[in-house]
Amino acid sequence: MKTFYVTTAIDYTNGSPHLGHAYEKVLTDVIARFRRLMGDPVWFLTGTDEHGQKVQQSARRKNVEPQAFVDAVSAEFRTLCAKLEISNDDFIRTTEDRHKRVVQAILQQLHDQGDIYKADYTGFYSTRQEQFLQEKDRNPDGSWPEIYGEVTQITESNYFFRLQRHQAWLAEHIRSHEAFIFPRYRAKQVLEFLKEPLNDLCISRPRERLEWGIPLPFDSGFVTYVWFDALLNYYSAVADKPGVWPADFHVIGKDILVPPHAVYWPIMLKAAGIALPKSILAHGWWSINGAKMAKSTGNFIHAAEYCDTYGVDALRYFLMREMSVGQDSDFSQAQFLTRYTTELANNLGNLVNRTLNMTNRFAAATVPEAGPAEAPERELQTLWAQTRDEVIGLHESFQFHVALERTFAFVTATNAYIDKLAPWKLGKSTEPADQARLRMALATMAEALRLAATLLAPVMPGTTDKIRGVLGYAPAAAWRDELNWGTSLSGRKVAATAILFPRPQG
Ligand code: MSP
């Protein structure tokens, strides 16, 4: 069985991690955890992109060696991963030897094959973007857009990678492989880009302009262009692991789909004779309280602070519940608090509290044996079967926001079931029939809670574990089987209380 191989983009180490990075890691983690729970072998890679002009500049500004600089920033990204409970199997850094070796071997191969050639080039160069610009990049008034920073005309000898010979093939590949780009509508953007003849890609930077990069194996006067270096991380990290390559999903933001991931990357692989990834998943961008995220304006969110204040699962939940994969979304503090309070604390948290309280009060903290199901139980069980199947399907199509909405609708229905059965009334009665209904109500709410918690595992793994823990339950079977309505809780001792989502202070 081929390993399901999923990757995130590797983050630039010229600045600290932010919410956009956090989102991408959580999204990819949810995909990886879901596949593992479904029984697939999974390999999940993330890492840092450590070469290039921006890193060199940032290190100089701080008066430290680039290596020391990237060591510190890369460590921050690792810390973030741990904080977010990201289940990556590997973390690659482009400054590692295992990566450099592969990059150099592929450059050498492409050079030997005649896919890379040397030429003089005169053009307008943006230092900030580390790229030569084209006439079409200008503003209508002839000036250069602000994103390019200072633009100067320079002439350079450089190495170029031939792209055009693979252009028609790539367009055809995208047209004939429906799953290659997700969401599908983004494929149009790529095909649009491929309508214009592709310029060969400049894949080198002269040493005197940029030192911080991987030297070209065939000309030590040059280092490798950072994108050519960075894209190869997906392959270099698993080159010696049988059964992992090709990637099943590269998860990236929409800004780096065209041209790097959807054009350069497939052509690089095709030229090198390496199999193509099966799919590229491009997610949308977060704004914060309605505005673009920017450190300079302070419109910035530290994911780690949210984890500290509300718990990691509250943040994971919000990111997955709020954003429809592929679309943009806004991270508003008010919306976060609304979801936290109404969905996590008052809906799921309340179900946990009620289940524990009533089981303690009316059944000596032990989940009773379920009796015969009547209409309200049958209704809830039917809803469960639908919810479970639908949610699994939604995970398969990356519609996590809808999956969570459905799961929480089931939690709402379970709370409504409790209101209807009113165990606190049944508990006052000494009638055997009422006592039997009471036992059934307690068994039903505990089982419904166990199931909902199990279904939340890819998104909220810690919460799943906590809820299982307070129900005195440890899973013994595969996840898919744990999702069947059953009686495995009967006789379990539950905890006295649990506060999963405490009210925020102040
Ligand atoms: N180093 C390159 C990627 C190389 S992959 C071979 C890069 N790094 S980045 O640090 O700028 O971005 C890393 C990822 O974070 C990208 O996928 C990017 O889209 C994502 N995000 C950055 N800001 C974001 C938001 N505001 N919202 C969501 N994701 C965003 O690009």
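Here the residue numbers are simple positions, counted from 1 along each chain's written sequence. The model is predicted, so local features are restricted to residues of pLDDT at least 70 and side-chain atom pairs to those at 80 or more, both for listing and for counting; the totals for chains, interfaces and linings are taken over all residues. Calculated side-chain values reflect all of the structure's heavy atoms, with hydrogen atoms and water omitted.

In this section: the overall build of the chain. Secondary structure assignment for the chain yields 18 helices and 16 strands. Projecting the C-alpha coordinates of the chain onto the three principal axes gives extents of approximately 95 × 50 × 40 Å. The cut-offs for exposure are 20% and 50% of the maximum accessible area for each residue type, with area from a 1.4 Å probe on protein chains only; residues under the lower value are buried, those over the upper are exposed, and the others partly exposed. Classification of the 506 residues of the chain by burial places 56% in the buried group. Pairs at least 24 residues apart make up 76% of the contacts formed inside the chain by residues separated by at least 6 positions. Computed with the Shrake-Rupley method and a 1.4 Å probe, the accessible areas treat only the protein chains shown as cover for residues. Carbon together with sulfur atoms contributes 51% to the accessible area of the chain, which is approximately 21,200 Å² in total. Numbering goes from the N terminus for both helices and strands, where a helix is a DSSP run of H or I of at least four residues and a strand is a run of E of at least two. Contact criterion: two residues are considered in contact whenever any of their non-hydrogen atoms come within 4.5 Å of each other.

Strand order in the open sheet formed by four strands is β6-β5-β7-β9, and the pairing between neighbours is antiparallel. Two strands in the sheet have a free side with no partner beyond their single neighbour: β6 (131-133) and β9 (201-202). Note on pairing: two strands pair once DSSP finds at least 2 bridges between them. Relative to strand β7 (residues 151-161), strand β5 (residues 116-126) is paired through 11 bridges, and the arrangement is antiparallel. Bridge assignment links Ala119 to a residue of β7, and that residue is Asn158.

A word on the nonpolar core. Met320 and Phe331 are the most contacted members of the largest nonpolar core, which has 104 residues in total. In terms of residues, this core owes the most to one element, helix α16 (residues 432-455), which gives 11 residues. Filtering out sequence-adjacent residues up to four positions away, Met320 remains in contact with Tyr23, Val26, Leu27, Val30, Phe400, His401, Leu404 and Val459. Leu170, Ile181, Trp245 and Ala262 belong to the second-largest nonpolar core, a separate cluster that totals 61 residues. In these notes, a set of buried Ala, Val, Leu, Ile, Met, Phe, Trp, Tyr and Cys residues joined through side-chain atoms within 4.5 Å is what counts as a nonpolar core.

Before going further, it helps to spend a moment on helix α5 (residues 167-176). Taken as a whole, α5 has its buried residues at Gln167, Leu170, Ala171, His173 and Ile174. Down the axis of α5, the buried set is contained in an arc of 160 degrees. They therefore lie on one face. Taken together, the buried residues of α5 touch β8 (181-182), α6 (185-193) and α9 (257-272). Throughout, the arc means the angular range of directions from the helix axis out to the C-beta atoms.

A separate point is empty space enclosed by the protein. A cavity, in this analysis, means grid points on a 1 Å lattice covering only the protein atoms where a 1.4 Å probe fits yet has no way out; a pocket is instead an open set bounded by protein on both sides within 12 Å along at least five of seven lines, and a residue lines either one if it has an atom within 4 Å of a point. Grid points are joined across faces, edges and corners, and a volume is the space filled by probe spheres set on the points. Following the criterion strictly, the structure yields one cavity of 30 Å³ or more and no others. Within this model, the largest cavity holds a volume of roughly 40 Å³. Forming the walls of the largest cavity are Val391, His395, Phe400, Ala403, Leu404, Thr407, Leu455, Leu456 and Val459. Looking at the lining of the largest cavity, the elements with two or more residues in it are α13 (375-396) and α14 (400-421). With four residues, the single largest contributor to the lining of the largest cavity is α14. Polar here means any residue outside two lists: the nonpolar Ala, Val, Leu, Ile, Met, Phe, Trp, Tyr, Cys and Pro, and the charged Asp, Glu, Lys and Arg; Gly therefore counts as polar. By residue class, the composition of the lining of the largest cavity is seven nonpolar, two polar and no charged.

Okay, the pattern of salt bridges next. Salt bridge criterion: a side-chain nitrogen from Lys or Arg within 4 Å of a carboxyl oxygen from Asp or Glu. In this structure the tally under the stated criterion is 31 salt bridges. Close ionic contact of Arg138 with Glu135 constitutes a salt bridge, the shortest N to O distance being 2.8 Å. With a relative accessible area of 53%, Glu135 lands in the exposed category. Put simply, Lys195 and Glu192 hold a salt bridge, and the shortest N to O gap is 3.2 Å. Residue classification places Glu192 among the partly exposed residues on the basis of a relative accessible area of 47%. Through salt bridges that share partners, Lys2, Asp248 and Lys278 make up one connected network.

For strand β13 (residues 249-253), the buried fraction is high: five of the five residues fall into the buried class. Where burial is concerned, the two faces of β13 agree: the one with Phe249, Val251 and Gly253 and the one with His250 and Ile252 are both buried. Where strand β1 (residues 4-8) and β13 come together, three bridges link them in parallel fashion. Bridge pairing in β13 places Thr7 opposite His250. Across four bridges, the pairing between β13 and strand β14 (residues 280-283) is parallel. Note on β14: the bridge partner recorded for Gly253 is His283. Once you follow β13 into α9 and on to β14, the crossover reads as right-handed. The path from the first strand over the helix to the second decides the hand: if it runs clockwise while the strands point away from the viewer, the crossover is right-handed.

Further remarks concern the site of the ligand. Any residue with a non-hydrogen atom lying within 4 Å of a molecule or strand is treated as near it. Surrounding the ligand, one finds 24 residues, the nearest of these being Ile10, Glu24, Asp49, Gly253 and Asp255. In the analysis that follows, any N or O atom pair within 3.5 Å is treated as a polar contact, provided that within protein one partner can donate a hydrogen and the other can accept it, and provided that, for residues neighboring in sequence, both atoms belong to side chains. One nitrogen or oxygen atom from the side chain of Glu24 is found 2.5 Å from an oxygen atom belonging to the ligand. Here an oxygen atom of the ligand sits 2.9 Å away from a polar atom, N or O, in the main chain of Gly253. Its free accessible area being 660 Å², the ligand has 94% of it covered by the protein chains. Grouping the amino acids of the shell around the ligand by side-chain chemistry returns 12 nonpolar, eight polar and four charged.

For the rest of this paragraph, the subject is the sheet that holds strand β10 (residues 204-206). Strands pair in a sheet through their backbones, by hydrogen bonds, and they do so in one of two ways: parallel or antiparallel. As summarised here, the arrangement of the three strands in space is β10-β12-β11, forming an open sheet in which the pairing is antiparallel. The open sheet has two edge strands with one neighbour each: β10 and β11 (215-216). The pairing of β11 with strand β12 (residues 219-224) spans two bridges and is antiparallel. When the sheet's bridge partners are listed, Pro215 is paired in β12 with Val223.

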